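Summary of the model geometry
So the chains spell out like this:
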Amino acid sequence: MSPVRTQWTRFIRFVAAETAQVHVGQPVDPTLDIGLAAWSKQDIQAYEISGSALDPAAQLTSTILTVKELLCPLSREQVKTVRCLGLNYSDHAAEAKMAKPPVPVLFYKAVGSIIGPNAPICIPKVAQPVEDHLPDYEVELTIVIGKAAKNVSEADALDYVLGYTGANDVSFRKHQSTTSQWGFSKSFDNTTPLGPCIVSNNVIPDPQVIPLTCNLNGTTLQNGNTRDQIFNVRKTVAFLSQGTTLEPGSIILTGTPAGVGYVRKPPVLLRNGDLVRVWLGHGIGTLVNPVVEEGETCAKL
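Source: prediction; values computed, not measured.

Further remarks concern the overall build of the protein. Per the secondary structure count, the protein includes 5 helices and 18 strands. Compactness check: the protein gives a C-alpha radius of gyration of 18 Å against a globular reference of 19 Å for 301 residues, within 12% of the reference. Overall, the C-alpha framework of the protein stretches about 50 × 45 × 30 Å when taken along its three principal axes. Burial status across the protein gives 56% buried among its 301 residues. In the protein, 74% of the contacts between residues at least 6 apart in sequence involve partners at least 24 apart. Carbon and sulfur atoms make up 51% of the accessible area of the protein, which totals about 12,200 Å². The average position of the 25 basic charges and that of the 27 acidic charges among the side chains of the protein differ by 4 Å.

Laid out in structure tokens, this is it:
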């Protein structure tokens, strides 16, 4: 099976200043941290892409547009399923005082939880007061599936990957700890930042060398590397595809390294007015999101 091939290397979705319409493209500057640039309102130019992220025939054009607003690289309509792994880093399992799992620990998120760069993480009333519910951050490498995958081998698993992006798997620990099923506590509306861009699998041939960090209000609290994953990307895609079709547009959050807030003493939690930055290397860049409580303006994709 031949791997997914793209004409683009970094894919963004944005509102263009020239048209006030949603476009997709590739940043003109290959070194620009697109998420930080968007947050700081720097001028961003992009070559327009004709087609969508999930279209193998999408063409990179010479038309240059100005990014007015950076959006989630995939719309909610394009995201088929949101799969997530829990306890997938050895150091995180250790800090949580939990044994390494023998197989990937899978849970699902609702698509309505997904937001883009700069959009507020909305803490709902059901997760307030925050001192009791412990809203938490989790930086995660995210796999974007590019073609239908079912019963694939580890050897072939990367051939089905379109590319990689970042995510912040915001978690609400009180609700999470009351049940063995995490879907409810992980699926609140507008709580899962995704982006800021998709880096093609052609650019990242080895996803097990990607550094990732989380910074809260200027302090770095997580500093890990995907080499420490218990189940690497090949194993994850192969395992999840057994008996189940992973459709194009499906995303897989692959777990978080050590440093989460709820295990700290005293616990570190997300509060109204906080600013969270998750960063991943190899061109993915920084997702910046403020934290607000329900009743404030929430995100639109």
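From this point, the discussion proceeds with the structure in view.
All right, on to the environment of Asn-289 then. Among the structural elements, Asn-289 can be located in strand β18 (residues 285-293). In this structure the C-alpha to C-alpha distance between Asn-289 and Leu-36, which are 253 residues apart in sequence, comes to 11 Å. If near-sequence neighbours (up to four positions away) are discounted, Asn-289 is found in contact with Ile-115, Gly-116, Pro-117, Asn-118, Ala-119, Ile-121, Pro-193, Asp-274, Leu-275 and Val-276.

Looking now at the sheet that holds strand β8 (residues 121-123). One open sheet accounts for 5 strands, arranged β8-β18-β17-β14-β15; its pairing is mixed. Pairing within the sheet leaves two strands with one partner each, and these edge strands are β8 and β15 (219-225). On average, adjacent strands in this sheet sit at an angle of 20° to one another, irrespective of strand direction. Sheet topology places strand β17 (residues 275-280) next to β18; 6 bridges connect them, and they run antiparallel. Bridge pairing links Leu-275 to Pro-290 in β18.

Below, the discussion takes up the pairing of strand β11 (residues 161-168). When you tally the buried positions in β11, you get 8 out of 8 residues, the bulk of the element. Here 7 bridges tie strand β10 (residues 139-145) to β11, and the two strands are oriented antiparallel to one another. Looking across to β11, one finds that Val-144 is bridged to Gly-163. Sheet topology note: the β11/strand β13 (residues 192-200) ladder contains 4 bridges and is antiparallel. Across the sheet, residue Ala-167 finds its bridge partner in β13, namely Leu-194.

Another point: the nonpolar core. Most often, soluble globular proteins have nonpolar side chains that are buried together. Ile-12, Ile-143, Tyr-164, Val-237 and Val-276 are the most contacted members of the largest nonpolar core, which has 57 residues in total. Sequence-distant contacts of Ile-143, defined by excluding residues within four places in its chain, comprise Val-161, Gly-163, Tyr-164, Val-233, Thr-236, Val-237, Ser-250, Ile-251, Ile-252 and Thr-254.

This part is about the packing of aromatic side chains. Inspection of every chain in the model, using the stated rule, returns 2 aromatic pairs. An angle of 55° between the planes, with centres 5.2 Å apart, marks the rings of Trp-8 and Phe-11 as tilted. The same class applies to Trp-8 and to Phe-11, which are both buried. Residues Phe-172 and Phe-188 carry aromatic rings whose centres are separated by 5.2 Å and whose planes lie at 65° to one another, so their mutual orientation is edge-to-face. You can see Phe-172 sitting in strand β12 (residues 171-172) and its partner Phe-188 sitting in the loop between α4 (173-177) and β13, a full 16 residues away along the chain. When sorted by exposure, Phe-172 lands in the same class as Phe-188, which is buried. Its guanidinium or amino end placed over the ring of Tyr-160, Lys-147 lies 5.3 Å from that ring's centre, counting from NZ or CZ.

A few words now on helix α5 (residues 233-240). Restricting attention to buried positions, one finds in α5 the residues Val-233, Thr-236, Val-237, Ala-238 and Leu-240. The elements touched by buried residues of α5 are β5 (82-86), β6 (105-109), β10, β11 and β16 (251-253).

Cis rather than trans, the peptide bond between Gly-195 and Pro-196 has omega equal to 0°. In this fold, Pro-196 is placed in strand β13. Between Lys-265 and the following residue, Pro-266, the backbone shows a cis peptide bond with an omega angle of -5°. Looking at the element boundaries, Pro-266 is found in the loop between β16 and β17. For Asn-118, which is not a glycine, the phi torsion comes out positive at approximately 70°. Looking at the element boundaries, Asn-118 is found in the loop between β7 (114-115) and β8.

About the criteria used
- Residues numbered from 1 in each chain as written.
- Predicted model: local features only at pLDDT ≥ 70, side-chain atom pairs only at ≥ 80, totals over all residues.
- Heavy atoms only, no water.
- Helix = DSSP H or I, 4+ residues; strand = E, 2+ residues; numbered from the N terminus.
- Rg over C-alpha atoms; globule rule 2.2 N^0.38 Å.
- Buried < 20%, exposed > 50% of the residue type's maximum accessible area, 1.4 Å probe, protein only.
- Contact = heavy atoms within 4.5 Å.
- Areas by Shrake-Rupley, 256 points an atom, 1.4 Å probe, with all protein chains shown as cover.
- Lys, Arg positive; Asp, Glu negative; His and termini not counted.
- Charge placed at Lys NZ, Arg CZ, Asp CG, Glu CD.
- Pairing = 2+ DSSP bridges.
- Axes fitted to C-alpha atoms, helices over the stretch in contact; angles between N-to-C directions.
- Core = buried A, V, L, I, M, F, W, Y, C linked by side-chain atoms within 4.5 Å.
- Phe/Tyr/Trp six-rings, centres within 6.5 Å; stacked < 30°, edge-to-face > 60°.
- Lys NZ or Arg CZ within 6 Å of the ring centre and 35° of its normal.

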